[in-house]
Amino acid sequence: AQKVTQAQTEISVVEKEDVTLDCVYETRDTTYYLFWYKQPPSGELVFLIRRNSFDEQNEISGRYSWNFQKSTSSFNFTITASQVVDSAVYFCALSGGAGNNRKLIWGLGTSLAVNP
Amino acid sequence: EAQVTQNPRYLITVTGKKLTVTCSQNMNHEYMSWYRQDPGLGLRQIYYSMNVEVTDKGDVPEGYKVSRKEKRNFPLILESPSPNQTSLYFCASRLGQGALNEQFFGPGTRLTVL
């Protein structure tokens, strides 16, 4: 079975702190894709990153960075020097499903509050 | 601008009154999908469509119908809504069948069934 676990339900930090959001996944597929989405209080889903299973290079985009480790089935997300605007729910997702559906399988999300 | 649109964004209705949530994308995507988001349960797929006239059930299809008569539109139909269908609904589209392709999400429809 495919599964995504985000063990941290809620995290609260003070502005400028670094924060890491954990994501652990389970899949039997040899080829799969991992995603992170942000859901701000307004409710929309904002795509952050996509990573395929053959590319274990870490990625950095401004204050955001991602650490993909197949050995531990983890795809963690770090925000450096957090800002109030980073307050949102963050979802990790895994592409899965038989056939061509390849639906997204979602973690339950981590609610991040960045306080001034 | 490439986008997925949903209407309405907010809807309050009563049990049993048929409703349709529209979804439209302007990216010529073959694949479209509906998810619902509920606290503690995350996002779950309701239905998906691989192309025009090709639809199939997701994980939680009970109480919903869909149609795909045109490539750009994928409406979600609740024939007889019930309170347990109160949720936040998202439509998504993706180019082709590959999981590599990013799914684009609509802004969401917040539905309350009284």
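Below you will find a few notes about this structure. In this numbering scheme, every chain counts its residues from 1 along its sequence in written order. Here the convention is simple: chains get letters from A, ligands get numbers from 1, in the order in which they are written. Totals for whole chains, interfaces and linings use every residue, but because this is a predicted model, local features are given only for residues with pLDDT of at least 70 and side-chain atom pairs only at 80 or more, for both listing and counting. Hydrogens are left out, water is left out, and the side-chain values use all remaining heavy atoms of the structure.

## So, the interface of chain A and chain B
Part 1 of the argument: Across the contact, 19 residues belong to chain A and 23 residues belong to chain B.
Part 2 of the argument: By buried area we mean how much accessible surface two parts lose on assembly, using a 1.4 Å probe and totalling the loss over both. Approximately 1800 Å² of surface area, both sides summed, lies buried where chain A meets chain B, with 56% of it carried by carbon and sulfur atoms.
Part 3 of the argument: Here, a salt bridge means any Lys or Arg side-chain nitrogen found within 4 Å of an Asp or Glu carboxyl oxygen. Here chain A is connected to chain B by one salt bridge.
Part 4 of the argument: Where Asp59 of chain B meets Lys103 of chain A, a salt bridge forms, and the shortest distance between an N and an O atom there is 2.6 Å.
Part 5 of the argument: Only β5 (33–39), β6 (46–52), β10 (88–96) and β11 (103–106) of chain A provide two or more residues apiece to the side of chain A that touches chain B.
Part 6 of the argument: We count a stretch as a helix when DSSP gives it H or I for four or more residues in a row; a strand needs E for two or more, and each element gets its number in order from the N terminus. Considering each element in turn, the side of chain A that touches chain B owes the most residues, four residues, to β5 of chain A.
Part 7 of the argument: Its residues assigned to classes, the side of chain A that touches chain B comprises nine nonpolar, six polar and four charged. Here, two residues are considered to be in contact whenever any of their heavy atoms come within 4.5 Å of each other. Residues are sorted three ways: Asp, Glu, Lys and Arg are charged, Ala, Val, Leu, Ile, Met, Phe, Trp, Tyr, Cys and Pro are nonpolar, and all the rest, Gly among them, are polar.

## A look at the sheet that holds strand β8 (residues 76–78) of chain B
All names here are of chain B.
Part 1 of the argument: When DSSP locates at least two bridges between a pair of strands, those strands are taken to pair. Ordered in space as β1-β3-β8-β7, the four strands form an open sheet in which the pairing is antiparallel. Of all the strands in the sheet, just β1 (4–7) and β7 (65–66) have a single pairing partner and so form its edges.
Part 2 of the argument: Bridging between strand β3 (residues 19–25) and β8 involves three bridges; their strand directions are antiparallel. When the sheet's bridge partners are listed, Thr20 is paired in β8 with Ile77.

## So, the pairing of β3 of chain B
Residues and elements named next belong to chain B.
Part 1 of the argument: Type-normalised accessible area, obtained with a 1.4 Å probe on protein chains alone, sets the label of each residue: buried when under 20%, exposed when over 50%, and partly exposed for intermediate values. Extensive coverage of β3 is indicated by the burial of five of its seven residues.
Part 2 of the argument: Here β1 pairs with β3 via four bridges, running antiparallel. Bridge assignment links Asn7 to a residue of β3, and that residue is Thr22.

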